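For reference, the chains in residue letters:
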Amino acid sequence: MSWDATVLADSDNVAVALRRLEAGERVTVHAPARALEVTVRETVPLFHKLAIADIAAGADIRKYGQRIGQSRDAIRAGSWVHVHNLASCRASAAHSA
Amino acid sequence: MTTPAGVLVYARPDGTVGVRNHLLILSITGLTGPTARRIARAVPGARVVATPYGSGLLGDDEAVQMRSLVALGRHPNVGATLVIGASPPKVVEVAEAIGASGRPVERLILDECDHDAITLTERGIRIAARLLRELSRQRRVPAGLDSMFLALECGRSDPSSGLVSNPLVGKVVDAVLAAGGTAVLGETIEWLGAEHLLAARAQDPRVAEHIRAAVERRERMAIAAGLDLTGNNPGPTNVAAGLSTIEEKSLGAITKGGSATIRGVVGIAEAPAGPGLWLMDAPAYAPESVTGLVAAGAQLALFTTGVGNSFVSGLAPTIKISANPATSARLREQLDFDASDVLERRATLDDAAARLLALVRDVASGTLTWGEVLDEGEEVVSRMGPAL
């Protein structure tokens, strides 16, 4: 069985692209307890993150079953998730206040 | 993983075991570094550790320099040391502290050579030649994996590090620790966002609190400096490769430490009090991080990378590991272990862990790493504050 992206924990809302994913592609995503299909909305470079569900603005982004930051805006499933729409929750005066 | 066979090592008079038998030319003052390097060029095989600093260090800087230089001078992989420095009190102090380990140690002082660097060089070559010949009489002896002390490092990480290379190292660490060995994980800023997972594995509440406090201190340093960690750590190379936040990087990085209980947190270059898994509260940049771990007594480093990282320890063979297929293909004579077959699902993590553990035993027993072949090694002692 082959897949294009992998999810590290079932509670995650992003997957890691195991190859470059192109807009419009329907890709197979492997998760520990399930497999799902996602339509890619924009190019996702190799090893970058793909949203596998719709994510509300300000919601936690989860990888490894843990929070890796929060979304800056609403993110649609199939989008590329990176520094443009994902912000760290740590080491900033705003967050530590 | 099955219980592995042992390793062939050098038994030291102080009870430690070395995986190499280096002659070390240790320059403890900035004035004598060039002479240390001249001596090492004249006596091939000698290693150099040279600090660019000397007098005027204060507080923590003075303590860390002294602790690191002595620790490197009596490192398990060092069979004999020539200590060189500008003036007597410090050279004598360092040489005596190293000599207490039972190793052959000699000293040379620029003041006692009429401040003549050429005289210093000539005397140093004669001493180094004698020490190296004496060292060559030593033979390796069998030992168990319990004698292994691993330094854990990652550099120029990409998402393949957290996906494969770091968990792979974690499995090997678990096996070495199960045999009674030791491992240290450093780079405090890369616990940030994952500290709750580390604290949950602490031996007791005091250690858990130490872990949380160490992370908080680094986080405050970043905030006080007005830094946005994104673009700094993760750095530009990490970000281009797909790591977005320090939390994401940390959650991948800490998997190098496997699953064992964390016995405690040591300071930079500080030796842990016994076997097991330890954390080191120290800076993250590879040269000073690796030197801190090696000065703590690690004989061998496991160093994962995503896109490639050239740094290796000068004293501890450093096994470079990548699971990024492009990196592994590109850096064939610099990466020691290719884990891309796991990423491409042609091998399991357990298969790769068995192969990596076999390589650890091999390298510990004498097989050269690429970093050793290419003479890439260096030791860099941290500096923190202003000096006089």
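Just so it is clear, the structure is predicted and the values come from calculations on it, not from any experiment.

Draft legend 1. Molecular detail of a nonpolar patch on the surface. Taken together, the side chains of B:Leu368, B:Trp370, B:Val373 and B:Leu374 define a hydrophobic patch exposed on the protein surface, amounting to about 380 Å² of accessible area. Mapped onto the fold, B:Val373 is located in helix α14 (residues 370–373).

Draft legend 2. Spatial organisation of the confidence of the model for chain B. In this model, chain B carries an average pLDDT of 96, and 99% of its residues clear a pLDDT of 70 or more. Reported for the predicted complex are a pTM of 0.96 and an ipTM of 0.96.

Draft legend 3. Highlighting the sheet that holds strand β12 (residues 300–305) of chain B. All names here are of chain B. Strand order in the open sheet formed by seven strands is β10-β11-β9-β8-β12-β14-β15, and the pairing between neighbours is parallel. Edge positions in the sheet fall to β10 (262–267) and β15 (337–338), since each of these pairs with one other strand and no more. Contacting β10 and β11 (276–281), helix α7 (residues 205–224) crosses the sheet at an angle of about 40° to β10.

Draft legend 4. Structural context of the packing of helix α2 (residues 59–73) of chain B against helix α3 (residues 88–99) of chain B. All names here are of chain B. Where α2 meets α3, the closest approach of the two axes is 9 Å, and the angle between their N-to-C directions is 45°. Viewed along their axes, α2 and α3 adopt a mutual orientation that is oblique. As for the relative orientation of α2 and α3, their crossing is right-handed in sense. Residues Met66, Val70 and Gly73 of α2 form the contact with α3, whose participating residues are Lys90, Glu93, Val94, Ala97 and Ile98. Residues belonging to the contact of α2 with α3 are distributed by class as follows: five nonpolar, one polar and two charged.

Draft legend 5. Summary view of the environment of B:Trp278. All names here are of chain B. Along the chain, Trp278 turns up in strand β11. Owing to a relative accessible area of 8%, Trp278 belongs among the buried residues under this scheme. Sequence spacing of Trp278 and Ala183 is 95 residues, and the spatial spacing of their C-alpha atoms is 6.3 Å. Here Gly274 takes part through its backbone oxygen, which lies 2.9 Å from a polar atom of the side chain of Trp278.

Draft legend 6. Examining the sheet that holds strand β7 (residues 141–143) of chain B more closely. All names here are of chain B. Across the sheet, three strands lie side by side as β2-β1-β7; this open sheet has antiparallel pairing. The sheet is open, and its two borders are formed by β2 (17–18) and β7, each paired with just one other strand. When strand β1 (residues 7–11) meets β2, the two strands line up antiparallel, connected through two bridges. What sits directly across from Tyr10, in β2, is Gly18.

Draft legend 7. Fine view of the pattern of salt bridges. All names here are of chain B. Following the criterion strictly, the structure yields 24 salt bridges over all chains and no others. For Arg20, the salt bridge identified is with Glu372, shortest N-O distance 2.7 Å. Of this pair, Arg20 sits in the loop between β2 and β3 (22–27) while Glu372 is found in helix α14, placing the two residues 352 residues apart along the sequence. The pair formed by Arg20 and Glu372 is uniform in burial state, with each residue classed as buried.

Draft legend 8. Quick peek at the nonpolar core. All names here are of chain B. In terms of nonpolar packing, the biggest core is built from 73 residues, with Leu150, Trp191, Ile211, Leu302, Ile319 and Leu356 touching the most fellow members. Looking at this core element by element, the count peaks at nine residues for helix α5 (residues 159–178). Aside from chain neighbours lying at most four places away, what touches Leu356 is Leu168, Val169, Val172, Ile319, Ile321 and Phe337. With 39 residues, the next largest nonpolar core counts Ile28, Val64, Val91 and Ala95 among its residues.

Draft legend 9. Representation of empty space enclosed by the protein within the structure. Residue and element names in this part refer to chain B. Across all of its chains, the model carries four cavities of 30 Å³ or more by this definition. The volume enclosed by the largest cavity comes to roughly 60 Å³. At the level of secondary structure, the elements contributing two or more residues to the lining of the largest cavity comprise α5 and α9 (246–253). Considered as a void within the structure, the second largest cavity measures approximately 40 Å³ in volume. Around the second largest cavity sit His22, Arg47, Val312, Ser313, Gly314, Leu315, Ala316, Pro317, Gly371, Glu372, Glu376 and Gly377, which together line it. Going through the elements one at a time, β13 (312–313) and α14 are the ones with two or more residues in the lining of the second largest cavity. Residues of the lining of the second largest cavity, tallied by class, amount to four nonpolar, five polar and three charged.

Draft legend 10. Quick peek at the interface of chain A and chain B. Counting residues at the interface gives 28 residues for chain A, matched by 33 residues for chain B. When the buried area of chain A at its contact with chain B is split by residue, A:Phe47, A:Arg90 and A:Ala91 rank highest and sum to 33% of it. Where chain A meets chain B, there are four salt bridges. Secondary-structure elements contributing two or more residues to the side of chain A that touches chain B are β7 (66–71), β9 (86–87) and α1 (93–96) of chain A. The residue inventory of the side of chain A that touches chain B, partitioned by class, reads 15 nonpolar, nine polar and four charged.

Procedures and definitions
- Residues numbered from 1 in each chain as written.
- Chains lettered and ligands numbered in written order.
- Predicted model: local features only at pLDDT ≥ 70, side-chain atom pairs only at ≥ 80, totals over all residues.
- Heavy atoms only, no water.
- Patch = residues over 30% accessible without salt bridge, like charges linked within 9 Å, V, L, I, M, F, W, Y side chains within 5 Å.
- Areas by Shrake-Rupley, 256 points an atom, 1.4 Å probe, with all protein chains shown as cover.
- Salt bridge = Lys/Arg side-chain N within 4 Å of Asp/Glu carboxyl O.
- Helix = DSSP H or I, 4+ residues; strand = E, 2+ residues; numbered from the N terminus.
- pLDDT = per-residue confidence, 0-100.
- Pairing = 2+ DSSP bridges.
- Contact = heavy atoms within 4.5 Å.
- Axes fitted to C-alpha atoms, helices over the stretch in contact; angles between N-to-C directions.
- Parallel < 35°, antiparallel > 145°, perpendicular 65-115°, else oblique.
- Left-handed = near helix turned anticlockwise from the far one by under 90°.
- Nonpolar A, V, L, I, M, F, W, Y, C, P; charged D, E, K, R; others polar.
- Buried < 20%, exposed > 50% of the residue type's maximum accessible area, 1.4 Å probe, protein only.
- Polar contact = N/O pair within 3.5 Å; in protein donor to acceptor, adjacent residues only side chain to side chain.
- Core = buried A, V, L, I, M, F, W, Y, C linked by side-chain atoms within 4.5 Å.
- 1 Å grid on protein atoms, 1.4 Å probe; cavity = no way out; pocket = protein on both sides within 12 Å on 5 of 7 lines; lining within 4 Å.
- Points joined across faces, edges and corners; volume = space filled by probe spheres on them.
- Buried area = accessible area lost by both parts, 1.4 Å probe.

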